[in-house]
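Examining the three-dimensional arrangement
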Amino acid sequence: MRPSLVFEPEPFRLSLTPEWESEVGRGGPDYIRWLQSSLNKLLGLRLAVDGTMGPATRSAIRSFQRQNGLLADGMVGPVTEQALVRDGAGDPPWATAAPTPIPIPPSMVSTIPPPGFLKDLAELQTVSLTPAIPIMKSSGWSATRKTLTDIYNRLGGLMGAVAAKTQVETASVLAVWKVESGPYPHVVGKAIIRFENHLFHRLWGALNDATYAQYFRHGTYRGQAGKSWENHQYRDDPSQPFREFHGNQEAEYHVLQLAVRLAGEAIALQCISIGGPQILVSNYALIGYRSPRDMFDAFQASERYHVLGFFDFCQQKEKATGGLLQYLRARDFHSFARYYNGPGQVDYYGGKIREAYEEALQLSLADGEIQWEDSPLGRKISSLEELEEGFDIAKTIRLNRCMKEWLGWINYRHEIYTLLGFSRVCPTEAALAEAVRRWQQERGLTADGIVGLKTLNNLLAALGRSTLPAEPARPSWIHWDPSPNFSRRNGYLIDTIVLHATGGGEVNGAMQRFKNRRSGVSSHFIVLRNGVVLQLVELDQAAWHTSTKSTEIPGMNQRSIGIEIVNPGGRKGTTGVTVCEDDIGSGTRWSCAKSAKITPVRPLPGYYRPRATEKFVSYSEPQYRSVIRLVSYLISCIPTIRLITGHEHLHKWHGKLKRFKNRVDPGGQFEWLRIEDALAGIYPGVVVCHKFSRLSAGTNRLNPDWLDQCNNLP
């Protein structure tokens, strides 16, 4: 009895019957006991190791799949099995024994493929699909170049790694991808396919000609015009007229279902090309899979297997004469097309690949400096909803933190959580990303787990709320009040956030200074005593809040973001200082609704200048909350930030004078441990540094290796 095929619009997947599991050796008691023991070990469960595939075991499988970003169907296919082995489960019991052969025609039976396939290399399972730095599209580009950019931003990380490993240009791989699958992104559970009628006739129809003629047509068959790969048509019933179906994925899957009903799964699957590189499933053994179903499942699960399958195919196809990669290395796209697409369309496909290759050469495919666009973070971050593929959970979580603040859906988060199925609990960030991903799949959105503008508007519409007409320039809690004092970043990456004290007890004086062209100073943000956050300079510009001369750190303004916090800073003596607890107003016109007189006190214990004679005013609770929120938002949205430090910690130490030059801010009453605690464990790789290391006689400053220095300071 052949396994049945169940057609579901989203996602499409083959039903996994007990017969199928036993056919591939995964249904026996030994295998199930291995599976139960592995799940107990990896998930800390207490499943009964009884060799029976019961509901508890199915539930545990789904939990493992969700934890690893896989399709949570409760079935152990090749992708889930590989994830178990990779996480430490050990080899399954059938790994050393030949599995029960699949009952398909003898001409289609192949041996288990030999080792050495790229898809089996552990080092390539952890390489990010996406490139470290995505390419920003320009409105003036051609449609081809935009499509190439979309492909690169989805898959350029892994493509580049394997291309380098096999000494092939990434541009060549992108060109083939563009020609084979164009702009269509991968949807988990419903990979791009093309059903080939002439192959179905070759494998099955020639022996069942009368039945084939009732349901299928193709060029050259019974007088049908065109080549064999042209004019493909089908019908569900002999009484209906024949219909075209290529170019419509719903129809392609429908025809596949029809073929399975007629000829069975093993034959029907070998008549489709699948994924971004459109590899025929009949090549399953050539690229390292045990059955057509194994290859189909892997390509449905992730584009990772599309990329690795492409390179495996190019290495194995015509291997005796050097494989297909030799033609990509030589830019001989016509010879490549002869073997990849067939001898009948060499000029067409060879020419298309060359055209796409020439466009790909115009892109900057190597990781380089981030090119900041006109808006502060703007299109660069929000467009990642379209550019991101895969399920890099760390990146997804980071971008969701960014979007939550930027798009303001933090204000609707509880309603959104309920809509996504979390009615009684507050989800973890990983669980939220998985739920968002499922929501996106169900509605035909890019299934990346990120609540960007499109996904948010979809959620808001479902909640009956007003949607956002466009991406905002900044979060609603950040108020724009521009300063004229800024300059270009000149190619520097933003890697530092510098915290300052304004030196005064209210915001009006600071704003007058920062908005005066003659003052020559400014900052990106000011945090008021009442927690209000003002932005004065766009993030793609350099504010003038410190200098290279005083810090001896190259491009200090260009590489940093300045945050001024309203505070009087260091003071001599014990005279009280008047501070405004509730500044209200805008621009240079501010008024104080509530003021207080505060007596400066000695620095907090552990301040790096224990003998300092200055005394300091404490910072307010609203300021700490706003600074933490602002810093977290910036780190989430700007992946290059690595250091959070104070203005005073960047300045040169004058050994002979036993003092630091000029700056004492944010000062001895700023509670750095609150910043450290808030970021600890949430943003790995970001250092909060408020210490110094004596690097040479009479000098005590941070050098270009400041991150390592700060990590190792006493």
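Before going into details, it helps to say that this report is about the structure given with it. Numbering of residues begins from 1 in every chain and follows the order in which that chain's sequence is written. Note on the predicted model: pLDDT of at least 70 is required for a residue's local features to be given, and 80 or more for side-chain atom pairs to be given and counted; whole-chain, interface and lining totals, by contrast, use all residues. Side-chain numbers come from the whole structure's heavy atoms, not from hydrogens or water.

A word on the packing of aromatic side chains. The aromatic pairing rule takes the rings of Phe, Tyr and Trp, using the six-membered ring of Trp, and pairs them if the centres are within 6.5 Å, calling planes under 30 degrees apart stacked, those over 60 edge-to-face and the rest tilted. As enumerated under the stated definition, the model contains 22 aromatic pairs in all. Ring centres 5.8 Å apart and planes at 10° place the aromatic pair Tyr327 and Tyr339 in the stacked group. With Tyr327 in helix 14 (residues 325–329) and Tyr339 in helix 15 (residues 333–340), the pair connects residues that are 12 residues apart, well separated along the chain. Take Tyr327: its relative accessible area is 16%, and that puts it in the buried class. With centroids separated by 5.0 Å and ring planes inclined at 75°, the aromatic side chains of Phe670 and Trp672 adopt a geometry described as edge-to-face. This pair shows no difference in class: Phe670 is buried, exactly as Trp672 is. Every member of this aromatic cluster is reached through a ring pair, and the members are Trp177, Phe310, Phe311, Phe313, Phe336 and Tyr340. Here, over-ring charges are defined by two tests on the NZ atom of lysine or the CZ atom of arginine: distance to the ring centre within 6 Å, and angle to the ring normal within 35 degrees. Above the ring of Tyr289, the side-chain terminus of Lys119 is found at 4.5 Å from the ring centroid. Geometry around Trp439 places Arg443 over its ring, the cationic atom sitting 3.3 Å from the centre. Elements are defined by DSSP. Helices are runs of H or I of four residues or more, strands are runs of E of two residues or more, and each kind is numbered from the N terminus. Accessible area is worked out with a 1.4 Å probe on protein chains only. A residue is then buried under 20% of its type maximum, exposed over 50%, and partly exposed in between.

Let us now look at the layout of surface pockets. Buried and open spaces are told apart on a 1 Å grid over the protein atoms alone, a cavity being a set of points where a 1.4 Å probe fits but cannot get out and a pocket being an open set with protein on both sides within 12 Å along at least five of seven lines. Residues with an atom within 4 Å of a point are the lining residues. Grid points are joined across faces, edges and corners, and a volume is the space filled by probe spheres set on the points. Of the volumes computed, that of the largest pocket is approximately 1300 Å³. What lines the largest pocket is a set of 41 residues, among which Glu180, Arg194, Glu196, Ser273 and Tyr349 lie closest to the centre. Taken together, the elements giving at least two residues each to the lining of the largest pocket come down to helix 7 (170–181), strand 1 (193–195), helix 8 (197–203), helix 10 (249–263), strand 6 (279–280), helix 15 and helix 16 (346–360). Its residues assigned to classes, the lining of the largest pocket comprises 16 nonpolar, 17 polar and 8 charged. The classification used treats Ala, Val, Leu, Ile, Met, Phe, Trp, Tyr, Cys and Pro as nonpolar, Asp, Glu, Lys and Arg as charged, and all other residues, Gly among them, as polar.

Before going further, it helps to spend a moment on the state of the cysteines. By definition, a disulfide links the sulfur atoms of two cysteine residues through a covalent bond. Disulfides are defined as cysteine sulfur pairs within 2.5 Å. Tallying each qualifying case throughout the model produces 2 disulfides. Residue pairing for Cys402: its cysteine sulfur links by disulfide to Cys637, the two sulfurs lying 1.9 Å apart. Here Cys402 and Cys637 share a disulfide; its torsion about the S-S bond, 105°, makes the bridge right-handed. Taken together, the positions of Cys402 in helix 19 (residues 393–406) and Cys637 in helix 25 (residues 621–637) put the pair 235 residues apart, joining distant regions of the chain. Each member of the pair, Cys402 together with Cys637, is buried. Bridging Cys580 to Cys592, the disulfide has an S-S length of 2.1 Å.

Within helix 22 (residues 453–463), burial applies to Thr455, Leu456, Asn457, Leu459 and Leu460. Backbone geometry just after helix 22 places Gly464 at a positive phi near 80°.

With that settled, consider the environment of Ile279. Here Ile279 is to be found in strand 6. Judged by relative accessible area, Ile279 falls into the buried class, the value being 2%. Remark: the alpha-carbon pair of Ile279 and Phe310, spanning 31 residues in sequence, is separated by 7.4 Å. If we skip the residues at most four places from it in the chain, Ile279 touches Ile272, Ser273, Ile274, Met295, Phe299, Gly309, Phe310, Phe313 and Tyr340. In this analysis, two residues are considered to be in contact whenever any of their non-hydrogen atoms come within 4.5 Å of each other.

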